[in-house]
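Analysis of the macromolecular model
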Amino acid sequence: MEEIHEGICGPHMSGVMLARKILRQGYYWSTMESQCIDYMRRCHKCQIHANLQHLPPSNLYGMTSPGPFFVWGIDVIGMGLELFKEFKIQIHHSTTYRPQTNGAIENENKNVEVIIKKTAKSARD
C-alpha cells in the first residue's frame, strides 16, 4: 500500500483510487478500501499539499440576464449604429457585476496559482 501510494510513480491518490490501483496490481483483502482511506488520511504529504476548500458551503446562484435580448450578439456595421441611436438601444460591452461569484473566482485563482507553482517547481528541478 505504501509503495503504490508514495513510491516512485505514486501520485498520492485518494483512498478509493489507491484501493482500485492495488486491486489492478492483483492484490485483494476484505478491508482493503477502508484501510486505504485510513492510510491516505494519515499521509503527511497528502495533508500538507491537499487542495482544501477554505470557504463555507453556500448556495449557487444562476447568472441570468437582466433582459431577454442581452444574450444576443449583433454584428454592427454601418447602419446598425444609427438604428441603435434611433431606437435608444444601449450597448453593453461587459457582463453585469455579480458579487455572488467572487468566491468562485477567488477559488479558481487559487487553482491557477497551484498550477503555476507546480510548473515553476518542475522547471527548477
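If you're wondering where the values come from, they're calculated on a predicted model, not measured in any experiment. (Residues numbered from 1 in each chain as written. Predicted model: local features only at pLDDT ≥ 70, side-chain atom pairs only at ≥ 80, totals over all residues. Heavy atoms only, no water.)

Moving on to helix 3 (residues 32-42). When helix 3 is considered as a whole, its buried residues turn out to be M32, C36 and Y39. Around the axis of helix 3, the buried residues are gathered within 65° of arc, so they sit on the same side. In helix 3, the exposed positions that point more than 90 degrees away from the buried face belong to R41 and R42. Buried residues along helix 3 sit in contact with helix 1 (2-6) and helix 2 (15-24). (Buried < 20%, exposed > 50% of the residue type's maximum accessible area, 1.4 Å probe, protein only. Helix = DSSP H or I, 4+ residues; strand = E, 2+ residues; numbered from the N terminus. Arc of directions from axis to C-beta. Contact = heavy atoms within 4.5 Å.)

Below, the discussion takes up unusual backbone geometry. At H12, a position not held by glycine, the phi torsion is positive, near 55°. Note on placement: H12 falls in the loop between helix 1 and helix 2.

Take the nonpolar core next. Membership of the largest hydrophobic core is limited to eight residues, which are I4, M13, L18, A19, I22, M32, C36 and Y39. Elements with a minimum of two residues in this core: helix 2 and helix 3. In contact with L18, not counting residues within four places along its chain, are M1, I4, H5, M13, C36 and Y39. (Core = buried A, V, L, I, M, F, W, Y, C linked by side-chain atoms within 4.5 Å.)

It is worth spelling out the packing of helix 2 against helix 3 at this point. Relative to each other, helix 2 and helix 3 sit at 130°, their axes nearing to 8 Å. When the axis of helix 2 is compared with that of helix 3, the two are oblique. Crossing geometry of helix 2 relative to helix 3 is assigned as right-handed. Here G15, V16, L18, A19, I22 and L23 of helix 2 lie close against helix 3, whose contacting residues are M32, E33, C36, I37, Y39 and M40. (Axes fitted to C-alpha atoms, helices over the stretch in contact; angles between N-to-C directions. Parallel < 35°, antiparallel > 145°, perpendicular 65-115°, else oblique. Left-handed = near helix turned anticlockwise from the far one by under 90°.)

Before going further, it helps to spend a moment on the pattern of salt bridges. Tallied over the full model, the rule gives one salt bridge. Two residues, E113 and K117, come together in a salt bridge whose shortest N-O distance is 3.3 Å. Pair noted here: E113 and K117 are both in helix 6 (residues 102-124), with a separation of four residues, about one helical turn. Judged by relative accessible area, which is 42%, E113 ranks as partly exposed. (Salt bridge = Lys/Arg side-chain N within 4 Å of Asp/Glu carboxyl O.)

Just distances and angles here, no functional claims.
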